[in-house]
Amino acid sequence: MCISSCCTISSTEQHEQEFILQQSFEQIYLAKYGLNYPHTKHSLDRCIKHNDQQCLVVYQQVIEGRNKIESMSDNNTLETTLNIIERTCTSNNEHIANFVCYGGIMSLFFYDSAEEDEKILSRIREFPERIRKLIFNSEFYWFYNRPDKSIWINYISALEIDWEDKRQKQFILELFEKSITDIDGEPWVLRQ
């Protein structure tokens, strides 16, 4: 009797975690694709100076999403994130396939330990080519903060996907060679 009760609690907690993560992914998605989002520190300073509410509201949504993800300390959070990415990036629902999928991919930035990085790479290797194509034909900030960049560089060097442009593979390899400090003041990755 306790076993099924424990499973129900665990299942409920899992659904709640997925719901919170998906909401957070939708929020941080705006940092890359939001029209009114201040994409540089200079833009953010200008929004604050001029009290630009459209800009500030979007910025606060992104920060709220980031903070929720960072505050989730459950060891299962990365696994849940990877499951959400796999499920939503192949969705026929355009909102889910964009906001939740891309926000989920962006959230990999927060998982930068060697152990987490190993899990990310292992799972990406298992993803359908369609998802790997989405991941590596875009620039994401998590490329910059990998603990062992050589693992990613070796993986991408051998990666055979439908690259959007013949120079894209080299561009992505160069991103993995850079450090997170090379980012020019992106407000959503800056710590307050």
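### So, the state of the cysteines
Enumeration according to the criterion identifies two disulfides in this entry. Disulfide pairing places cysteine 89 opposite cysteine 101 at an S-S distance of 1.9 Å. Its S-S torsion of approximately 95° makes the covalent link between cysteine 89 and cysteine 101 right-handed. Placement of the pair is cysteine 89 in the loop between helix H4 (77-88) and helix H5 (94-106) and cysteine 101 in helix H5, with a sequence separation of 12 residues. In this structure, cysteine 89 and cysteine 101 share a single accessibility class: buried.

### Quick look at the pattern of salt bridges
Enumeration over the complete set of coordinates arrives at 10 salt bridges. Salt-bridge contacts for glutamate 18 lead to arginine 87; the nearest nitrogen and oxygen are separated by 3.6 Å. Of this pair, glutamate 18 sits in helix H1 (residues 2-33) while arginine 87 sits in helix H4, and the two are 69 residues apart along the sequence. The exposure class of glutamate 18 is buried, given its relative accessible area of 17%. With a shortest N-O distance of 3.6 Å, glutamate 70 and arginine 66 are connected by a salt bridge. With glutamate 70 and arginine 66 both in helix H3 (residues 53-71), this residue pair falls four residues apart, about one helical turn.

### Section: helix H7 (residues 129-136)
Residues Ile131, Arg132, Ile135 and Phe136 constitute the buried set of H7. The buried residues of H7 occupy one face: seen down the axis, they fall within an arc of 120°. At its buried positions, H7 is contacted by H4, H5, helix H6 (114-126), helix H8 (149-158) and helix H9 (168-177).

### As for the side chain of serine 138
Inspection of the secondary structure puts serine 138 in the loop between H7 and H8. For serine 138, a relative accessible area of 15% translates into the label buried. Excluding residues within four positions of it along the chain, serine 138 makes contact with Tyr33, Tyr102, Phe143, Gln168 and Ile172.

### With respect to the packing of aromatic side chains
When we look at a pair of aromatic rings, we describe it by the centre distance and by the angle of the planes. Considering all chains together, one arrives at 18 aromatic pairs under this definition. Ring geometry for tryptophan 152 against phenylalanine 176: centres 5.5 Å apart, planes inclined by 10°, an arrangement best described as stacked. Separated by 24 residues along the polypeptide, tryptophan 152 in helix H8 and phenylalanine 176 in helix H9 bring together distant segments of the chain. Note on accessibility: tryptophan 152 and phenylalanine 176 belong to one class, buried. An aromatic cluster of at least three residues, connected via ring pairs, comprises Tyr29, Tyr33, Phe99, Tyr102, Phe136, Phe140, Trp142, Phe143, Trp152, Tyr155 and Phe176. Of note, lysine 32 hangs over the ring of phenylalanine 140, and the distance from its end group to the ring centre comes to 5.3 Å.

The rules behind the values
Residues numbered from 1 in each chain as written. Predicted model: local features only at pLDDT ≥ 70, side-chain atom pairs only at ≥ 80, totals over all residues. Heavy atoms only, no water. Disulfide = S-S within 2.5 Å. Helix = DSSP H or I, 4+ residues; strand = E, 2+ residues; numbered from the N terminus. Buried < 20%, exposed > 50% of the residue type's maximum accessible area, 1.4 Å probe, protein only. Salt bridge = Lys/Arg side-chain N within 4 Å of Asp/Glu carboxyl O. Arc of directions from axis to C-beta. Contact = heavy atoms within 4.5 Å. Phe/Tyr/Trp six-rings, centres within 6.5 Å; stacked < 30°, edge-to-face > 60°. Lys NZ or Arg CZ within 6 Å of the ring centre and 35° of its normal.

Geometry only, nothing functional implied.
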